[in-house]
Amino acid sequence: MRKLLIATLMAASFGAPAMAADTVVNSSFTEPNGDRVLQVSIVIDAPAAKIWKSFVDEPTLKAWNAPVARVDLRNGGAIEQGYDPQAKLGGPNTIHHSIITYLPERLLVLRNISTPPGLPGAELYRQIVQIVSLEPLGEDRTRVTLSHSGYGQGAGYDGLYRFFTQGNTGYLAALKTLNEKP
């Protein structure tokens, strides 16, 4: 049952068409204190303003990523998403992130508050800081980088790191497909 739940969460939240392996760049690294930083990026042929909406605009989130979504875009605000159309905001089957800070169309920094059941290492996920950065490379090209900092040592962190290495790669591939549509 647990494996089915994890597979469902992965498919719903990070489902993406197969793409060339060289599309997503993995530049993850280990900090001097031994903590790992998961970092993947992709270049998307779209302006940063369009891509930004994919992360923070409720109708856009509901259309492409999570049929249940609420965004309170402000420092100290929150983003809550449910990948199951039957999920209820504030319920146990949504993922809920606190917005630490943001710079419109450039940076979004999050910390997890809660996850749906079944995420490997879920209790440790609250220790991870997530950073979404958008770097314009011209008018209609943007590098999107997803970074997670704070992965410590141990089996729990290892499982979480593996889950998000695969998940974030799929998420970026889906983001590219979404934003490169005419």
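Quantities reported herein were computed from a predicted structural model and do not represent experimental measurements.

Visitor: Would you mind going over the overall build of the protein chain with me for this structure?
Guide: Per the secondary structure count, the protein chain includes 5 helices and 9 strands. Burial status across the protein chain gives 47% buried among its 182 residues. By sequence separation, contacts in the protein chain at least 24 residues apart represent 52% of the contacts at least 6 residues apart. Of the accessible surface of the protein chain, which amounts to about 8900 Å², a share of 56% is contributed by carbon and sulfur atoms.

Visitor: Teacher, can you tell me more about the packing of aromatic side chains here?
Guide: What describes a pair of aromatic rings is the distance from one ring centre to the other and the angle between the planes of the rings. Tallying each qualifying case throughout the model produces 6 aromatic pairs. On the numbers, 5.2 Å between centres and 55° between planes, the contact of W64 with Y171 is tilted. Pair noted here: W64 is in helix α3 (residues 58-64) and Y171 is in helix α5 (residues 155-179), with a separation of 107 residues, a long-range link. Classification of W64 as buried rests on a relative accessible area of 17%. Judged by its relative accessible area of 12%, Y171 falls in the buried class. Seen in terms of ring centroids, F163 and F164 are 5.0 Å apart; in terms of plane orientation they differ by 85°. Their pairing is edge-to-face.

Visitor: What exactly am I supposed to notice about the side chain of N179 here?
Guide: Positionally, N179 belongs in helix α5. A polar side-chain atom of N179 sits 3.1 Å from a polar atom in the side chain of S54. Setting aside residues no more than four positions away along its own chain, N179 makes contact with I44, D45, A46, K50, I51 and S54.

Visitor: Any chance you could explain the pairing of strand β6 (residues 95-103) here in plain terms?
Guide: Two faces make up the sheet, and in a regular strand the side chains alternate between them. Pairing of strand β5 (residues 78-82) with β6, which is carried by 4 bridges, proceeds in the antiparallel orientation. Bridge pairing links A78 to S98 in β6. Linking β6 to strand β7 (residues 107-114), which pair antiparallel, is a turn of 3 residues; within it E105 sits at a positive phi near 65°.

Visitor: Just to check I follow, could you spell out the packing of helix α2 (residues 48-56) against α5 for this structure?
Guide: Two measures define how a pair of helices packs: the angle their axes make with one another and the distance between the axes. Where α2 contacts α5, the axes come no closer than 10 Å and their chain directions differ by 125°. Classed by the angle they form, the pair α2 and α5 counts as oblique. Along this stretch, α2 crosses α5, giving a crossing that reads as right-handed. Within the contact between the two elements, α2 uses K50, I51, S54 and F55 and α5 uses Y171, L175, L178 and N179.

Visitor: Teacher, can you tell me more about the nonpolar core here?
Guide: Within soluble globular proteins, side chains that are nonpolar generally end up buried alongside one another. Judged by nonpolar contacts, the single largest core of 26 residues is most densely connected at I51, F55, L108, L134, V144, L172 and L175. Of all the elements in the fold, those that place two or more residues in this core are β3 (36-44), α2, α3, β4 (68-72), β7, β8 (129-136), β9 (142-151) and α5. Ranked by residues supplied to this core, first place goes to α2 with 5 residues. The residues contacting L172, other than those within four sequence positions of it, are V24, V40, S41, I42, V144 and L146. If you look at the next biggest cluster of nonpolar residues, it comprises 15 residues, including Y83, L119, L124 and Y161.

Visitor: Before we go on, may I ask you to explain the pattern of salt bridges in this structure?
Guide: Side-chain pairing between opposite charges can occur once the charged atoms of the two side chains come close. Counted by the stated rule, this structure contains 6 salt bridges. R70 is the partner of E80 in a salt bridge, and the nearest nitrogen-oxygen pair spans 2.6 Å. Within this pair, whereas E80 is found in strand β5, its partner R70 is found in strand β4, the two being separated by 10 residues in sequence. Exposure remark for E80: the relative accessible area of 2% places this residue in the buried category.

The rules we used
- Residues numbered from 1 in each chain as written.
- Predicted model: local features only at pLDDT ≥ 70, side-chain atom pairs only at ≥ 80, totals over all residues.
- Heavy atoms only, no water.
- Helix = DSSP H or I, 4+ residues; strand = E, 2+ residues; numbered from the N terminus.
- Buried < 20%, exposed > 50% of the residue type's maximum accessible area, 1.4 Å probe, protein only.
- Contact = heavy atoms within 4.5 Å.
- Areas by Shrake-Rupley, 256 points an atom, 1.4 Å probe, with all protein chains shown as cover.
- Phe/Tyr/Trp six-rings, centres within 6.5 Å; stacked < 30°, edge-to-face > 60°.
- Polar contact = N/O pair within 3.5 Å; in protein donor to acceptor, adjacent residues only side chain to side chain.
- Pairing = 2+ DSSP bridges.
- Axes fitted to C-alpha atoms, helices over the stretch in contact; angles between N-to-C directions.
- Parallel < 35°, antiparallel > 145°, perpendicular 65-115°, else oblique.
- Left-handed = near helix turned anticlockwise from the far one by under 90°.
- Core = buried A, V, L, I, M, F, W, Y, C linked by side-chain atoms within 4.5 Å.
- Salt bridge = Lys/Arg side-chain N within 4 Å of Asp/Glu carboxyl O.

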